[in-house]
Amino acid sequence: MWIVMAVLSAFFAGITSILAKCGIKKTDPDVATALRTIVVLAFSWLMVFLTGAAGGIRNVTSAQLLFLMLSGLATGASWICYFKALSMGNVNKVVPVDKSSTILSVLLAMVLFQETGHLAVRLFFTAILAAGIFLMVEKKKNVTENEDGRWMFYAVLSAVFAALTSILAKIGMTGVDSNLGTAIRTGIVLVMAWVVVLMKGKQKSVRTVDKKELLFLVLSGIATGASWLCYYYAIQNGIVSVVVPIDKLSIVVTVVFSGIVLKEKIGKKALAGLLLMVAGTVGMALA
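Source: prediction; values computed, not measured.

Notes on the pattern of salt bridges
Reasoning step 1: Under the definition given, this model contains four salt bridges.
Reasoning step 2: Among the ionic pairs, D28 bridges to K202, the shortest N-O distance being 3.0 Å. One end of the pair, D28, is in the loop between α1 (2-23) and α2 (29-50); the other, K202, is in the loop between α8 (178-199) and α9 (211-237), and 174 residues separate them in sequence.
Reasoning step 3: For the salt bridge of D30 with K200, the shortest nitrogen-to-oxygen distance reads 3.0 Å. Placement of the pair is D30 in helix α2 and K200 in the loop between α8 and α9, with a sequence separation of 170 residues.

Below, the structure is given as structure tokens:
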């Protein structure tokens, strides 16, 4: 069951990137992150009450709460960096860099959770995944991103924080209902997102958000909520070094929809990189 949830997480995460890109063409990425998080939080708590998990909040220990909060902070930092990168760069290049968090997540899981079964095979496929990422982010002609490459800096930071998110969540959600854990984490992300907006004095721009872009941000938030619920169920019940790679297959969904919706094309080398990423991911999942 947890493998199915990991696959669903990948699908919803892939759609999230496209919807978010459509919602930040004119909207400030920090404001967009804060608005999306409201939707994700509402969606998360709705699932908590629908599944009857609300009563379990009394049983959450201080240690579990601490790691859930740290995971939420890491998620917030990852989101802020990710949407900053998306606002500056091409989706087909930002997403692969962000997905490189898979490599760090897998390595950390091997060390912290002793997930060392078939170690040599997993390291081999991790190397294939890394090679695929390198090919996908190689410089291409006729791209629209900023020439100074600042998008890369934010995309790398997003990947680092995303990797920390998975590890911290695995620790914090041990013994905690996955829906409840997701809702608690999202509350931390919401606070962090709005603190950033207020610190930068961007709260006034909330009133001027384009209605069409707001719709895309809401849909993106719903897709994110669905992805998270599936992902953290899989994280809680499955093997981290397997769940994370499967979730990162969302890049396939993103590439397909970016071509259909955003008309972003990928070259032969990028396509080869995508195939390597898929091969590496599937290999790690089956190892």
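After that view of the structure, there is still more to cover.
Details of the confidence of the model for the protein chain
Reasoning step 1: When the pLDDT values of the protein chain are averaged, the result is 84; 94% of them are 70 or greater.
Reasoning step 2: Of all the helices and strands in the protein chain, helix α10 (residues 240-247) carries the lowest mean pLDDT, 76, while α8 carries the highest, 91.
Reasoning step 3: Predicted confidence for residues 140-147 stays below pLDDT 50, and this span has 12 contacts to residues more than four positions away or in other chains.

Regarding the nonpolar core
Reasoning step 1: With 60 residues, the main nonpolar core has F83, L86, V94, L180, Y232, I235 and I251 as its most contacted residues.
Reasoning step 2: Contact partners of L180, with chain neighbours within four places excluded, come to W45, V48, A53, G56, I57 and V60.

A closer look at the packing of α2 against α9
Reasoning step 1: Where α2 meets α9, the axes come as close as 8 Å, and the angle between the chain directions of the two elements is 45 degrees. The angle between α2 and α9 places the two elements in the oblique class. As α2 packs across α9, the resulting crossing turns out to be right-handed. Counted together, A32, L35, R36, V39, V40, F43 and M47 of α2 and L214, L217, V218, S220, G221, I222, T224, G225, A226, W228 and L229 of α9 form the full contact between these two elements.
Reasoning step 2: By residue class, the composition of the contact of α2 with α9 is 13 nonpolar, four polar and one charged.

Let's talk about the packing of helix α3 (residues 62-88) against helix α4 (residues 91-99)
Reasoning step 1: Orientation of α3 relative to α4, taken along the N-to-C sense of each, is 155 degrees, at an axis distance of 9 Å. Taken together, α3 and α4 sit at an angle that is classed as roughly antiparallel. As α3 packs across α4, the resulting crossing turns out to be right-handed. Here S78, Y82, A85 and L86 of α3 come into contact with α4, specifically with V91, V94, V95 and D98.
Reasoning step 2: Of the residues that constitute the contact of α3 with α4, the class distribution is six nonpolar, one polar and one charged.

Side note on the packing of aromatic side chains
Reasoning step 1: One pass over the structure, following the stated rule, counts seven aromatic pairs.
Reasoning step 2: When the centroid spacing of 5.6 Å and the interplanar angle of 65 degrees are considered together, the rings of F11 and F12 count as edge-to-face.
Reasoning step 3: For F11, a relative accessible area of 38% gives the class partly exposed.
Reasoning step 4: For F12, a relative accessible area of 25% puts it in the partly exposed group.
Reasoning step 5: On the numbers, 5.3 Å between centres and 70 degrees between planes, the contact of F124 with F125 is edge-to-face.
Reasoning step 6: Counting every residue linked through ring pairs, the aromatic cluster contains W79, Y82 and F83.
Reasoning step 7: It is R36 that lies over the ring of W79; its NZ or CZ is 4.7 Å from the centre.

Rules used in this analysis
- Residues numbered from 1 in each chain as written.
- Predicted model: local features only at pLDDT ≥ 70, side-chain atom pairs only at ≥ 80, totals over all residues.
- Heavy atoms only, no water.
- Salt bridge = Lys/Arg side-chain N within 4 Å of Asp/Glu carboxyl O.
- Helix = DSSP H or I, 4+ residues; strand = E, 2+ residues; numbered from the N terminus.
- pLDDT = per-residue confidence, 0-100.
- Contact = heavy atoms within 4.5 Å.
- Core = buried A, V, L, I, M, F, W, Y, C linked by side-chain atoms within 4.5 Å.
- Buried < 20%, exposed > 50% of the residue type's maximum accessible area, 1.4 Å probe, protein only.
- Axes fitted to C-alpha atoms, helices over the stretch in contact; angles between N-to-C directions.
- Parallel < 35°, antiparallel > 145°, perpendicular 65-115°, else oblique.
- Left-handed = near helix turned anticlockwise from the far one by under 90°.
- Nonpolar A, V, L, I, M, F, W, Y, C, P; charged D, E, K, R; others polar.
- Phe/Tyr/Trp six-rings, centres within 6.5 Å; stacked < 30°, edge-to-face > 60°.
- Lys NZ or Arg CZ within 6 Å of the ring centre and 35° of its normal.

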